[in-house]
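# Observations on the three-dimensional arrangement
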Amino acid sequence: MPRQKKEPSGCGCASIPFSVILLILGGGYVLFTQREHLIARFIPKDVRENISGEISRFIPEDLQQKIPFLNASDSADAEEVSQNVPEATPTPEPTPQQPQLPSVPISNPSPPTPTAEIKPRGNLPENPITPSTPQSIWEKKAIRGIYFSRYQITNNATEEMIRARVRYYRDRGINTLIHGVWGNACTMYKSKVMQAKFGYESCPNEFEDKWLDWLIDEAHKHGMEVHAYFEKGIKIDENSPAFDLAVQRGWIVPGVDRTHPGVDHYVLNVGIPEVAEFFTNILVEFVTKYPQIDAVQWDDYLGYHAELPGQVDRTLELTNFVQKAISATKAANPSVSFDICHHNPYWAKRYFAADWENWGVDRVFIQVYAEENFAEELPYVEAYDGISITERQFNRLEELVRNPKVDNILLFPLSGEPEKMADEVKRLTVKIK
């Protein structure tokens, strides 16, 4: 008995047109993911009009609400879907657009994150100075200097002693050391010029050869300056090793200079070309031998007192000498400052033949070592680069520190004890708020 065919079980799909069934079975995945686009594009219009009803018979009502094309109310909706499908043409390159800038600038940007490639420079100072507190009025003065006579570094001082002394003054608010390197017509360092001219290389001393190198190096490590003090200028006394030779060669002007009580000084005549050349060669040698020096400074002993015998006016000779000496010094070391600490311009020219306003110096500090004429000297101090005082003017220190027109203050220890002077200056200045 022939085997009877079983009735097909399932959902009764035979009533759906065969072409529709093939589309559903072959592109089910695409249909459900791109159903609007694909139906509108590939199914004929007459089939498309009935497909919603046919398919909806097999989908529960709650799911039908979530399928847009089953809810299209008329053919116009289906046509809209078809029109929205883009043609299969090559995709053009997008047109670059300008970035949209914020309407207001972005403030306080975050700092960049440090990376391992960023390394500190290798030439940083060993002891960089980082101010931890705001500067006081005293600390705002550009130069807070103290003088050291040419022997005050102490004979036979070690490198450790010299460097420690620099730090000692730094801790007392001093930022400039004005140290004697010359005096009584001889150097405090080994000089080839001295050797050639007089047969000896320096003033008698036991200084270590590199004492000035150590002094400059340590000072610069702490942001301090060193100024070379040409103490006693063009004057000598009988204790100078050059005195006898200067007399024999006729280098000394007639008379005795007694402007400094208790000491008879004699003055070398820079109007003599050999004398002028000697001093100029000393300056050039010094700034070449010590190229890191910050300044050279001469004092009021660069002058001829008016009471010298003969009443000879040496103003022009002195001016010519200083101008040429400065030119030679600058040619040898353009970075060095050529300074003087002298009497006010009227007194300097009237009584010392020192017309320093025409010398072409870099800075002028006015000596005010007497109380009786302090008020008269102050306008000169304010007009030029600062003042030099002794312990006798400590009662004026606060006034000078508070005066914004006084740029620099130099301290001359008349007692010969710079350490005590520096201690007292610190005690007085910390009280100035």
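The structure under discussion appears in the preceding block.
Residues numbered from 1 in each chain as written. Predicted model: local features only at pLDDT ≥ 70, side-chain atom pairs only at ≥ 80, totals over all residues. Heavy atoms only, no water.

### Concerning unusual backbone geometry
Negative phi characterises most residues that are not glycine, and trans characterises most peptide bonds. Of note, the phi angle at asparagine 184 is positive, near 60°, even though the residue is not glycine. Note on asparagine 184: relative accessible area 7%, which makes it buried. Even without a glycine there, the phi angle at alanine 353 is positive, about 55°. Among the secondary structure elements, alanine 353 is positioned in the loop between α13 (345–352) and β9 (363–367). (Buried < 20%, exposed > 50% of the residue type's maximum accessible area, 1.4 Å probe, protein only. Helix = DSSP H or I, 4+ residues; strand = E, 2+ residues; numbered from the N terminus.)

### A closer look at the side chain of aspartate 299
By the secondary structure assignment, aspartate 299 is in the loop between β7 (295–298) and α12 (315–332). Among the polar contacts listed, one links the side chain of aspartate 299 to the side chain of tyrosine 229, at a separation of 2.9 Å. A distance of 2.9 Å separates the side chain of aspartate 299 from the backbone nitrogen of tyrosine 301, its partner in a polar contact. Setting aside anything within four residues of it in sequence, one finds aspartate 299 in contact with Tyr229, Phe230, Glu231, Lys232, Gly233, Cys341, His342 and Gln367. (Polar contact = N/O pair within 3.5 Å; in protein donor to acceptor, adjacent residues only side chain to side chain. Contact = heavy atoms within 4.5 Å.)

### Looking at the packing of aromatic side chains
Using the criterion set out here, one finds 25 aromatic pairs in the structure. Relative to phenylalanine 278, the ring of phenylalanine 198 lies with its centre 5.3 Å away and its plane at 85°, an arrangement referred to as edge-to-face. On the criterion of sequence distance, the pair formed by phenylalanine 198 in helix α8 (residues 192–198) and phenylalanine 278 in helix α11 (residues 273–289) is long-range, its members being 80 residues apart. Among the residues examined, phenylalanine 198 registers a relative accessible area of 11% and is labelled buried. With a relative accessible area of 2%, phenylalanine 278 lands in the buried category. (Phe/Tyr/Trp six-rings, centres within 6.5 Å; stacked < 30°, edge-to-face > 60°.)

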